[in-house]
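Here's the letter readout for the chains.
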Amino acid sequence: MIDWLGIGHLFKLTAGEAVLGFLTPLFVCAFVFVAHMILPARRVTGYATDRETGEPRSYRLNGILVFALAHIVWAFELFGLPREWFYRSTMYAIAGGVIIAAIATVFVVFTQPEGEQKNPLIAFYLGRAQELQFFNNRFDLKMYFYIVGGTMLSLNAWSGLAWHVDFVDDVNPGLILYVVINSFYVFDYFVWERVQLYTYDLIHENVGFKLVWGGPFVWGWMFVLPLWGLAKHPDPGFSGGWLYLWLIGSAVLFVAGWVISRGSNMQKYTFKRWPERSFLGIKPEIIVAGDRKILCSGFWGKARHFGYSGEALYGLSNALVFGHFTNLWAWSYLILIVTFFVPRQFEDDKVCAEKYGAEKWAEYQARVPYRIIPGIF
């Protein structure tokens, strides 16, 4: 059979390995759960409120410790699995992740009150409860999902590199840079883990299949899409100035995207915690909407969802860094996030219009006319 997708090597497991690959996400989730529960954590409050008490919810945060422990276990093969295992078992792990997410979703959705969502299929996908915490609020389901997802995004990238080094004679330096970029991307998330508590997902999204599958499994396994088809390809053969232009250019695109994405999130986080405080010398300018305030300066004065531009630049750096520009796998992640964020910003606008009032949101739209890319869109 012709391997027309270029990923036939990811299906070449024995029957026993296929079963283990299918169960790998379950073992990962169990490991992260135990590590998260026993490792020391700091207790902080977030932006979302407890519906029963009206007080800000509190969370235990130790994602960076779980992240570090998982990488030590992987690097030293402490559970007996070779370092390239996560890459080799990718397809079977994704299948297992879908089943695990579906079963978990049935539990987390249909054990909750029906509320306003009567349609069981929509409830399954979008969820019913915004927050689910267990064990005397020691365990928050949403934040746990992101620990699994972030940790596995990095480990899947490293695993792909381990496979590449073992099975490809001419190592691609761009692939090494790809792993560094993505590991930094996740490490940065865990350094600023508290900022996640002030994002759309934590504040507005319910816990349904979209989040149960997306948080741990899509982020963890599918955000390294380019590796699926490109880990088997060697160094593209650039030399001299072209080599430096290629690698430095990819790194610069990533840094630019990181500055925009991290800057947007940090400015919003600063504003929500300390509304009068300047961020990087940028004084907050606001539109008052009743007892709420709309930030419209700095990053949030350039475009209404400027952070998505940063994610797009990050995706572009992921596409170019391999040096195989005509291979469609290089562009797979960029295509994935564009198809995710473009529709999502329409949903964001709808939620914000309801939150701040149609008139005030229209005033913000008039003041900041661009959605994602300043001056273009």
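Quick note: structure is the one above.
Residues numbered from 1 in each chain as written. Predicted model: local features only at pLDDT ≥ 70, side-chain atom pairs only at ≥ 80, totals over all residues. Heavy atoms only, no water.

## Remarks on a nonpolar patch on the surface
A surface patch of nonpolar side chains, about 680 Å² in accessible area, is lined by Val19, Phe22, Leu23, Leu26, Phe27, Val98, Ile99 and Ile103. Among the elements of the structure, helix H1 (15-38) and helix H4 (90-110) are those that each provide at least two residues to the nonpolar patch. It is H1 that provides the largest number of residues to the nonpolar patch, a total of five residues. Considering the arrangement of structural elements, one finds Leu23 in helix H1. (Patch = residues over 30% accessible without salt bridge, like charges linked within 9 Å, V, L, I, M, F, W, Y side chains within 5 Å. Areas by Shrake-Rupley, 256 points an atom, 1.4 Å probe, with all protein chains shown as cover. Salt bridge = Lys/Arg side-chain N within 4 Å of Asp/Glu carboxyl O. Helix = DSSP H or I, 4+ residues; strand = E, 2+ residues; numbered from the N terminus.)

## Some details on the packing of aromatic side chains
Under the defined criterion, the tally for this structure stands at 37 aromatic pairs. Between Phe134 and Phe139, the aromatic rings sit 6.5 Å apart at their centres with planes inclined by 40 degrees, giving tilted as the arrangement. For Phe134, a relative accessible area of 30% puts it in the partly exposed group. Phe139 gets classed as buried once you look at its relative accessible area, which sits at 5%. Arranged with centres 5.0 Å apart and planes meeting at 70 degrees, the rings of Tyr189 and Phe190 form a pair that is edge-to-face. Exposure class is identical for Tyr189 and Phe190. Each is buried. (Phe/Tyr/Trp six-rings, centres within 6.5 Å; stacked < 30°, edge-to-face > 60°. Buried < 20%, exposed > 50% of the residue type's maximum accessible area, 1.4 Å probe, protein only.)

## Let's talk about the environment of Gln365
With respect to the helices and strands, the residue Gln365 is situated in helix H14 (residues 358-367). Along the sequence, Gln365 and Arg304 sit 61 residues apart, while their C-alpha atoms lie 7.7 Å from each other. In this view, Gln365 contacts Arg304 and Asp349; residues no more than four positions away in its chain are not counted. (Contact = heavy atoms within 4.5 Å.)

## Section: the side chain of Asp201
One can find Asp201 in helix H8 (residues 200-204). Using a relative accessible area of 12% as the deciding quantity, one classes Asp201 as buried. Side chain to side chain, Asp201 and Tyr146 meet in a polar contact 2.5 Å long. Not counting the four nearest positions on each side in its chain, Asp201 is found in contact with Lys142, Tyr146, Gln196 and Arg344. (Polar contact = N/O pair within 3.5 Å; in protein donor to acceptor, adjacent residues only side chain to side chain.)

## Digging into the environment of Ile260
Relative to the helices and strands, Ile260 is located in helix H11 (residues 240-273). Each C-alpha atom of the pair Ile260 and Phe299 lies 7.5 Å from the other, and the pair is 39 residues apart in sequence. In contact with Ile260, other than residues within four places in its own chain, are Phe299, Phe306, Gly307, Gly310 and Leu313.

## So, the pairing of strand E1 (residues 42-49)
Note: E1 against strand E2 (residues 56-61), five bridges, orientation antiparallel. When the bridges of E2 are listed, Thr49 appears paired with Pro56. What sits between E1 and E2 in their antiparallel hairpin is a turn of six residues, with Gly54 showing a positive phi close to 75 degrees. (Pairing = 2+ DSSP bridges.)

## Some points on helix H6 (residues 141-167)
For H6, with 27 residues, the first-to-last C-alpha span of 38 Å sits near the 39 Å given by 1.5 Å per residue. For H6, the buried fraction is high: 23 of the 27 residues fall into the buried class. In this structure Asp140 caps H6, since a side-chain oxygen of it lies 3.2 Å from the backbone nitrogen of Lys142. (Expected span 1.5 Å × (residues − 1).)

## Regarding the state of the cysteines
Inspection of the entire model under this criterion finds zero disulfides. The closest cysteine sulfur to the non-disulfide-bonded Cys296 is located on Cys352, 13 Å from its own sulfur. With relative accessibility at 18%, the residue Cys352 sits in the buried group. (Disulfide = S-S within 2.5 Å.)

## Some words on the side chain of Glu131
With respect to the helices, strands and loops of the structure, Glu131 is situated in the loop between helix H5 (120-126) and strand E3 (133-134). We note that Glu131 is buried and unpaired, the nearest opposite charge coming from Lys142 at a distance of 4.2 Å. One polar contact links Glu131 to Tyr59, side chain to side chain, over a distance of 3.5 Å. Excluding anything up to four places from it in sequence, Glu131 contacts Ala48, Arg57, Tyr59, Asp140, Lys142 and Leu202. (Lys, Arg positive; Asp, Glu negative; His and termini not counted.)

## Looking at the packing of H1 against H6
Running from N to C, H1 and H6 point in directions that differ by 120 degrees, and their axes come no closer than 10 Å. Like other packed secondary-structure pairs, H1 and H6 cross with a definite hand, here right-handed. On H6, the residues that touch Val28, Cys29, Ala30, Val32, Phe33 and His36 of H1 are Tyr144, Ile147, Val148 and Met152. Taken together, the residues that form the contact of H1 with H6 break down as nine nonpolar, one polar and no charged. (Axes fitted to C-alpha atoms, helices over the stretch in contact; angles between N-to-C directions. Left-handed = near helix turned anticlockwise from the far one by under 90°. Nonpolar A, V, L, I, M, F, W, Y, C, P; charged D, E, K, R; others polar.)

## Observations concerning the pattern of salt bridges
On inspection of all chains with the given rule, the structure shows 13 salt bridges. Arg304 is the partner of Asp349 in a salt bridge, and the nearest nitrogen-oxygen pair spans 3.2 Å. Within this pair, whereas Asp349 is found in helix H13 (residues 332-356), its partner Arg304 is found in the loop between strand E6 (292-295) and helix H12 (306-320), the two being separated by 45 residues in sequence. Like Asp349, the residue Arg304 is buried in the burial classification. As a salt-bridge pair, Glu363 and Lys360 come within 3.6 Å of each other at their nearest N and O atoms. Of the two residues, Glu363 and Lys360 are both situated in helix H14; the distance of three residues between them amounts to about one turn of the helix.

## Some thoughts on the pairing of strand E5 (residues 286-289)
Where burial is concerned, the two faces of E5 differ: the one with Ile287 and Ala289 is buried and the one with Ile286 and Val288 is not. Examined bridge by bridge, E5 and E6 share four bridges and lie antiparallel to one another. Residue pairing across strands places Ala289 opposite Arg292, the latter belonging to E6.

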